[in-house]
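# A structural walkthrough
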Amino acid sequence: MPPASHRGFNAFHREICRQAHGRKVNSRGLLVCAQRRSYHFASPSYVSSFGEFPPVDVKTLRSDTVKYLENFESKAWFDDPVCTLIRGQALKKGDTVDTVDAFGNINGKQILATPEVVNQVVDHVKGLSPGKDYRAAIRRIEERLLSEHAAFLIGNQALDFYKQDGVTEIEESIEANVVERKLNDLLLEDELAGRVRIQRHTALVGCVSNFSNFLDLCRKSLRNIELGIPVLILSRSNTTQHIYRWVQLLLDEMQKEGVDTSLVSYVSCSIEEQRKIMSQMSQSPLYLTGSREVAAAIKELMPYTFASTGGPNTMVAPKLDSEIEAAARMSSTIENSGQCTAMRHLVTESIQAEDLKRIFGQVAVTDSSAESLRKGAFDALFRQWAAGFQAKDGYEVLPSAPGAQPLAYRIAKGLTPNGVEEHWRRVYLDVSTPPRGSVKDPAFLKDLSKWLTTEQPITLAVNGDDQGFPIMQQLFESTAQAIYSVGREGKPALTAQARPQDGEIFGEFPPRREMRKFTAGPVFVPSSTPTYMARYEPKHLAEAAQRERSQSSGARQLLQAVGKAELRGYAVLLAEYLKESCGAKQGFGNRTTLWGLQRPPLRDVSTLLRVRASDELDAVILHLMPFLLTNAKEGLAISIAADCSAEMKQAIRKACENVPCHEEDHGSFEQRCQSSEPWNSVDVDPAVVEELPLVDHFVLRLLPMGHIKSACQDDKDFVKAFENSPKWLKFTA
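All of the points below concern the structure found in this document. Given the structure is predicted, the values throughout are model-derived calculations rather than measurements.

Rules behind the numbers
Residues numbered from 1 in each chain as written. Predicted model: local features only at pLDDT ≥ 70, side-chain atom pairs only at ≥ 80, totals over all residues. Heavy atoms only, no water. Salt bridge = Lys/Arg side-chain N within 4 Å of Asp/Glu carboxyl O. Helix = DSSP H or I, 4+ residues; strand = E, 2+ residues; numbered from the N terminus. Buried < 20%, exposed > 50% of the residue type's maximum accessible area, 1.4 Å probe, protein only. Core = buried A, V, L, I, M, F, W, Y, C linked by side-chain atoms within 4.5 Å. Contact = heavy atoms within 4.5 Å. Phe/Tyr/Trp six-rings, centres within 6.5 Å; stacked < 30°, edge-to-face > 60°. Lys NZ or Arg CZ within 6 Å of the ring centre and 35° of its normal.

## What about the pattern of salt bridges?
The full count for this structure, using the stated rule, is 48 salt bridges. For R140, the salt bridge identified is with E257, shortest N-O distance 2.8 Å. Of the two residues, R140 is situated in helix α6 (residues 135–145) and E257 in helix α10 (residues 241–257); the sequence distance between them amounts to 117 residues. By relative accessible area, which is 22% here, E257 ends up partly exposed. Linking R499 and D502 is a salt bridge whose minimum nitrogen-to-oxygen distance equals 2.5 Å. Residue classification places R499 among the partly exposed residues on the basis of a relative accessible area of 25%. Among the ionic contacts, a cluster of salt bridges with common partners joins D133, R135, R139, E142, R181, D185, R223 and E226.

Here is the structure:
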């Protein structure tokens with residue numbers, strides 16, 4: 001029997017859907033919404049999807065998981081090996097190998113599929129024609145997965161990945177799923193109304209080990225299959241056991257509900273065979289949370305790769321007191337340095353090896369995830385992982401607590417070198433110290449901003465900046481991280497803090513100038529996963545074009561330059577989206593949060609857009625609109641290829657009044673990129689109606705987004721300082 005706090009979860013969701021802001025519900029239980037862009041990031045109805053939190057019995061989740069771990073039979077993962085699954089049937093042809101956990105220990109068996117079995121998988125997933133709406137059954141399944149089966153999910157992850165606090169992940173899943181379900185409801189309503197088309201090519205799921213129960217099971221799998229998008233889940237070279245077990249469980253639950261099990265497949269095979277699959281499924285999306293190296297290798301084969309990648313998370317603290325030291329220690333060691341938001345880089349004015357010894361000598365040590373779960377801990381270091389630790393060249397080794405793995409560190413006078421590696425599950429710390437002594441030195445902060453833009457951490461936390469926030473003010477305006485956290489006196493900020501269900505919008509973005517190498521576009525949470533591949537129906541675009549005259553004068557001038565009616569309709573949707581979605585929004589949780597669309601870092605040239613002779617004017621105008629209709633126009637520069645037609649040059653100059661336009665050959669353009677150091681260099685993509693993404697995804701490929709928060713609740717000084725920052729995107733046309 002599920003805990004009382006989880007019973008009726010779907011009923012709760014239906015009720016809030018009926019009541020949310022007076023919106024009507026049609027006979028199918030779908031929301032009927034007046035807004036045209038209801039599921040688009042930062043739009044009014046996107047904002048209204050927040051603020052409802054189903055109760056979560058954390059204490060019961062924790063105690064049930066401990067019991068599961070105490071009773072777990074390790075023999076089970078040997079007797080029932082990981083193998084390929086099609087329609088819930090196990091395909092066991094292939095070589096049997098050992099599986100390993102996060103620390104390299106053998107923990108079970110796996111059958112690697114033969115090439116023939118892999119071909120069978122590809123034929124299966126490419127031949128599917130599923131229905132469009134499985135929400136009712138899938139959400140009943142999801143309720144059971146996150147209640148009566150939650151201990152199974154958390155426990156298996158603890159055994160395989162050694163996750164200490166999988167309970168919080170389940171809590172986050174239950175709460176964030178409410179938002180993402182609502183967004184899916186609105187997307188399906190638009191499809192049924194003929195406005196959009198949900199592409200139902202099988203989605204490949206590249207699983208992450210540390211957050212698989214939320215990111216892979218709920219976001220990438222359940223949110224897809226509930227709208228009729230099949231998923232093919234790929235095995236991992238390590239920590240694949242716990243993922244396979246939730247796939248088995250999901251298929252069992254689907255059979256109970258009478259849901260077509262062809263919607264979920266699992267392939268157990270080598271990396272070489274996975275790449276063969278990818279090469280044959282280039283029209284499918286692949287959703288990945290992993291390293292930039294892996295993302296780049298996949299993107300070569302699958303252009304519709306949507307990857308979340310990490311970066312060297314940074315904390316800035318001019319002075320270190322005991323509370324900030326504790327925050328730094330906790331941020332560095334969270335999940336044995338196995339959380340994507342774990343701290344990797346510290347910026348402070350003065351620090352020595354003895355200081356690090358004091359800070360990290362107090363780190364907790366554990367022998368098992370079960371021990372951490374009993375204590376409610378999440379930042380202990382595992383004793384068994386300490387053996388064999390060897391620091392990479394250039395790093396010193398500092399022993400931490402007895403029995404724990406050492407700390408590898410290096411202290412730089414000035415900024416630590418670029419190219420900081422993550423060193424997953426090992427505690428590495430780079431420390432930067434300002435050469436002139438003060439972190440608040442504007443020249444040093446300018447250099448730090450460039451470092452942050454190049455390395456692109458997920459999170460930036462600043463502590464000891466209470467008086468007017470001068471450090472964070474400058475860094476916020478001159479960088480583009482997804483997550484900014486401001487500590488307050490007595491309540492320092494961690495790098496490892498983000499609750500997307502509270503409006504603390506989360507994303508793991510690569511450096512913007514290199515984004516196309518890793519991902520088709522930024523992935524953010526919360527969002528409707530099927531929207532990443534959804535497209536507008538031509539008829540809807542043609543109808544939108546009829547609203548041209550109702551747009552602002554600045555927008556009308558640009559719309560008149562778009563020749564094709566359907567592309568003009570897309571441009572109308574762009575203009576309407578920007579007008580209703582700009583500006584900072586306030587969050588909904590126990591921390592004070594501001595979030596929304598942002599402009600690029602404030603600098604002389606933040607975005608350099610290159611127009612080639614082969615580009616069409618319609619496509620150029622679409623790429624210009626997010627800048628010319630907003631304050632992102634400041635910092636925009638245009639590089640026009642010298643061999644462009646005279647008509648193209650004239651049209652661009654007419655549209656780009658007061659924007660620097662340079663006519664130059666490719667070599668001069670490359671030199672301009674090097675000398676001006678823009679945050680982003682943009683090539684114009686062809687404007688093919690069938691390929692244009694939804695307008696929010698189009699904008700987010702050009703402009704940044706995310707959140708900034710204070711560690712304190714109802715922090716009026718923080719809101720006053722940042723709510724009207726010029727960094728927030730503002731509609732100006």
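Moving on from the coordinates now.
## Let's talk about the nonpolar core
Ranked by internal contacts, the top residues of the largest apolar core, which has 138 residues, are F41, I233, L622, M625 and I638. Sequence-distant contacts of I638, defined by excluding residues within four places in its chain, comprise L608, L609, V611, L624, I652, C656, V659, P660, C661 and H662.

## Focus: the packing of aromatic side chains
Each pair of aromatic rings is reported with the distance of its centres and the angle of its planes. All chains considered together, the criterion is met by 31 aromatic pairs. Between the aromatic rings of Y287 and Y532, the centroid separation amounts to 6.3 Å while the plane-to-plane angle is 80°, which identifies the pairing as edge-to-face. With a gap of 245 residues between them, Y287 in strand β11 (residues 286–290) and Y532 in the loop between β23 (524–525) and β24 (535–536) connect regions that are remote in the sequence. By relative accessible area, Y287 is classed as buried at 5%. On the basis of relative accessibility, which here comes to 2%, the residue Y532 falls in the buried class. An aromatic cluster of three or more residues is present, and its members are F41, Y46, F50, Y287, F306, F524, Y532, F588 and W595. A cation sits over an aromatic face here: R425 above F161, 4.1 Å from the ring centre.

So yeah, pure geometry; function would need other evidence.
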